[in-house]
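Listed here are the chains, written in short residue letters.
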Amino acid sequence: MTSTVGQVIRCRAAVAWEAGKPLVMEEVEVAPPQANEVRVKILFTSLCHTDVYFWEAKNPLFPRIYGHEAGGIVESVGEGVTDLKPGDHVLPVFTGECKECAHCKSEESNMCDLLRINTDRGVMLNDGKSRFSINGKPIYHFVGTSTFSEYTVIHVGCLAKINPLAPLDKVCVLSCGISTGLGATLNVAKPAKGSTVAVFGLGAVGLAAAEGARIAGASRIIGVDLNSNRFEEAKKFGATEFVNPKDYNKPVQEVIAEMTNGGVDRSVECTGNIDAMISAFECVHDGWGVAVLVGVPHKDAVFKTHPMNLLNERTLKGTFFGNYKPRSDLPSVVEKYMSKELEVEKFITHTVPFSEINKAFEYMLRGEGLRCIIRMEE
């Protein structure tokens, strides 16, 4: 590995040349890491809905290398990097932890001022330039990670150093969606053992929220989704009952209140649909109910509820990345998997070689499966 230190590396990357068009396998040049940067050899990456959302979007940042859910090994480090060394196993994260700002120093926040997610930036913070190029022409980064490349350059604050014994082809899914849902339940909703929990939206994030409720020992986990086909799968993640709002001619919050003698103790909303958000809040019990919003809404969405719902001692909370600080907290999430407390395999429904990465997009666009692992080495 050492022979590449300080050198430009030529490797394969799946490049998005324009919105919504299949990715093209290209040979790219990956520059060495600069100050506070790390060059990582990606071994496994997976496709998350956020990649698809921005790949479809008509934003001006093309050509671009997407990908942010991954696992890899440090190839080399830039000046000033002391926490990582070549050979370390890492999970790249779309948000970061500089450890210096007010957010990083706060025990309550994980929303780092320096490294918080920025979907509009396609360059590195250090010099405002990309580390990827093809024939001298820059290729933009995505959320500071760009893992659809055999090698990538990432800010040290966006890399979690993990147990080298953890299988990267499994724990790579913990670097985004699964941790988001899991943490929303365990870190923010915090259901007590024996409590009732409703989860709105049974995609990968919602199922991770249900998994969190299962780990916490909830007695009833009610899955809410407009697609009844998801209910069978959700049983593997601890869901005990299901509600499809389309089956009722009254608001789903009323249905849940009737099922639970006044409302659930905790709810977690993982769709981003504004009506689901309102329902998730209004379905919790007065006096102690807590609702947690995870899904990202439409930019023009407005949350409306009667103030009495709050005055009657219901709590509404929001969360970002499950309130996990990437560097400080993700290693312990990996250990939950290693100790068999958290089951990750059931989230992984497909595997494809890197050359067939477009298949992963097809699976997601068709709504098939949960997570597709992309194996970099054919």
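Residues numbered from 1 in each chain as written. Predicted model: local features only at pLDDT ≥ 70, side-chain atom pairs only at ≥ 80, totals over all residues. Heavy atoms only, no water.

Looking up the protein in an unreviewed UniProt entry gives the name Alcohol dehydrogenase 1, with the organism given as Citrus sinensis.

Caption draft 1: Looking closely at the overall build of the protein. Counting secondary structure elements, the protein contains 11 helices and 17 strands. Taking 378 residues into account, the globule formula puts the C-alpha radius of gyration at 21 Å, and the protein, at 21 Å, falls close to it. Projecting the C-alpha coordinates of the protein onto the three principal axes gives extents of approximately 65 × 40 × 40 Å. Of the contacts formed within the protein by residues at least 6 apart in sequence, a portion of 70% connects residues at least 24 apart. Summed over all atoms, the accessible surface of the protein reaches about 16,000 Å², with 51% contributed by carbon and sulfur. One finds the centroid of the 40 positive side-chain charges in the protein at a distance of 1 Å from the centroid of its 46 negative side-chain charges. (Helix = DSSP H or I, 4+ residues; strand = E, 2+ residues; numbered from the N terminus. Rg over C-alpha atoms; globule rule 2.2 N^0.38 Å. Contact = heavy atoms within 4.5 Å. Areas by Shrake-Rupley, 256 points an atom, 1.4 Å probe, with all protein chains shown as cover. Lys, Arg positive; Asp, Glu negative; His and termini not counted. Charge placed at Lys NZ, Arg CZ, Asp CG, Glu CD.)

Caption draft 2: Inspection of the sheet that holds strand E2 (residues 24–30) at higher detail. As summarised here, the arrangement of the four strands in space is E1-E2-E6-E7, forming an open sheet in which the pairing is antiparallel. Looking at strand neighbours, the two that pair on one side only are strand E1 (9–15) and strand E7 (137–139), the edges of this open sheet. Going from strand to strand, the sheet's axes swing by 50° on average, the running direction of each strand aside. Here seven bridges tie E1 to E2, and the two strands are oriented antiparallel to one another. Residue alanine 13 lies in a different strand from E2, and its bridge partner there is glutamate 26. (Pairing = 2+ DSSP bridges. Axes fitted to C-alpha atoms, helices over the stretch in contact; angles between N-to-C directions.)

Caption draft 3: Representation of the pairing of strand E14 (residues 290–293). Side chains of E14 alternate between two faces, with Val290 and Val292 and Ala291 and Leu293 buried alike. Taken together, the four bridges between strand E13 (residues 266–269) and E14 define a ladder with parallel strand orientation. Looking at E14, one finds that serine 267 is bridged to alanine 291. Handedness of the E13-helix H8 (residues 274–282)-E14 crossover: right-handed. Taken together, the four bridges between E14 and strand E15 (residues 315–318) define a ladder with parallel strand orientation. Looking at E15, one finds that leucine 293 is bridged to glycine 318. (Buried < 20%, exposed > 50% of the residue type's maximum accessible area, 1.4 Å probe, protein only. Right-handed = clockwise from strand over helix to strand, strands pointing away.)

Caption draft 4: Spatial organisation of the packing of aromatic side chains. Enumeration over the complete set of coordinates arrives at 12 aromatic pairs. On the numbers, 5.0 Å between centres and 80° between planes, the contact of tyrosine 53 with phenylalanine 54 is edge-to-face. Each residue in the set Tyr53, Phe54, Phe62, Tyr66 and Phe142 is aromatic and connected to the rest through ring pairs, giving one cluster. A cation over an aromatic ring shows up here: lysine 346 above the ring of phenylalanine 237, its NZ or CZ 5.0 Å from the ring centre. (Phe/Tyr/Trp six-rings, centres within 6.5 Å; stacked < 30°, edge-to-face > 60°. Lys NZ or Arg CZ within 6 Å of the ring centre and 35° of its normal.)

Caption draft 5: Unusual backbone geometry, seen in detail. Cis geometry marks the peptide bond from phenylalanine 62 to proline 63; its omega dihedral reads -5°. Here lysine 190, not a glycine, exhibits a phi torsion of approximately 50°, which is positive. With respect to the helices and strands, lysine 190 occurs in the loop between helix H4 (177–189) and strand E10 (196–200). Here lysine 340, not a glycine, exhibits a phi torsion of approximately 65°, which is positive. Take lysine 340: it is sitting in the loop between helix H10 (326–338) and strand E16 (348–353). Looking at lysine 340, the relative accessible area reads 70%, which means it is exposed.

Caption draft 6: Expanded view of the pattern of salt bridges. Following the criterion strictly, the structure yields 26 salt bridges and no others. Linking glutamate 37 and arginine 131 is a salt bridge whose minimum nitrogen-to-oxygen distance equals 2.9 Å. Here arginine 131 lies in the loop between helix H2 (102–105) and strand E6 (132–134) and glutamate 37 lies in strand E3 (residues 37–46), a separation of 94 residues in the sequence. The residues glutamate 37 and arginine 131 share a single accessibility class, namely buried. (Salt bridge = Lys/Arg side-chain N within 4 Å of Asp/Glu carboxyl O.)

Caption draft 7: Summary view of the nonpolar core. Core analysis: the biggest nonpolar cluster contains 107 residues, and Val28, Phe148, Val171 and Leu174 have the highest contact counts within it. No other element matches the six residues that helix H5 (residues 204–216) contributes to this core. When neighbours within four sequence positions are excluded, leucine 174 is seen to be in contact with Leu91, Ser179, Phe321, Leu330, Val333, Val334, Leu342 and Val344. Val243, Val264, Cys283 and Ala291 belong to the second-largest nonpolar core, a separate cluster that totals 15 residues. (Core = buried A, V, L, I, M, F, W, Y, C linked by side-chain atoms within 4.5 Å.)

Caption draft 8: The arrangement of the packing of helix H1 (residues 49–56) against helix H11 (residues 357–365) in detail. At their nearest, the axes of H1 and H11 sit 11 Å apart, and the two run at 95° to each other. Comparing their axes, H11 and H1 come out roughly perpendicular. Within the contact between the two elements, H1 uses His49, Val52, Trp55 and Glu56 and H11 uses Phe361, Met364 and Leu365. Within the contact of H1 with H11, the residues separate by chemical class into five nonpolar, one polar and one charged. (Parallel < 35°, antiparallel > 145°, perpendicular 65-115°, else oblique. Nonpolar A, V, L, I, M, F, W, Y, C, P; charged D, E, K, R; others polar.)

Caption draft 9: Seen up close, H4. In this model H4 runs 17 Å from its N-terminal to its C-terminal C-alpha over 13 residues, within 8% of the 18 Å that 1.5 Å per residue would give. Taking the largest bend as the criterion, H4 deviates by roughly 35°, centred on glycine 183. Counting buried positions along H4 yields 11 of 13 residues, so the element is predominantly enclosed. For H4, the complete set of buried residues consists of Gly177, Ile178, Ser179, Thr180, Gly181, Leu182, Gly183, Ala184, Thr185, Val188 and Ala189. (Expected span 1.5 Å × (residues − 1). Bend = angle between axes of the 7 residues up to and from the residue.)

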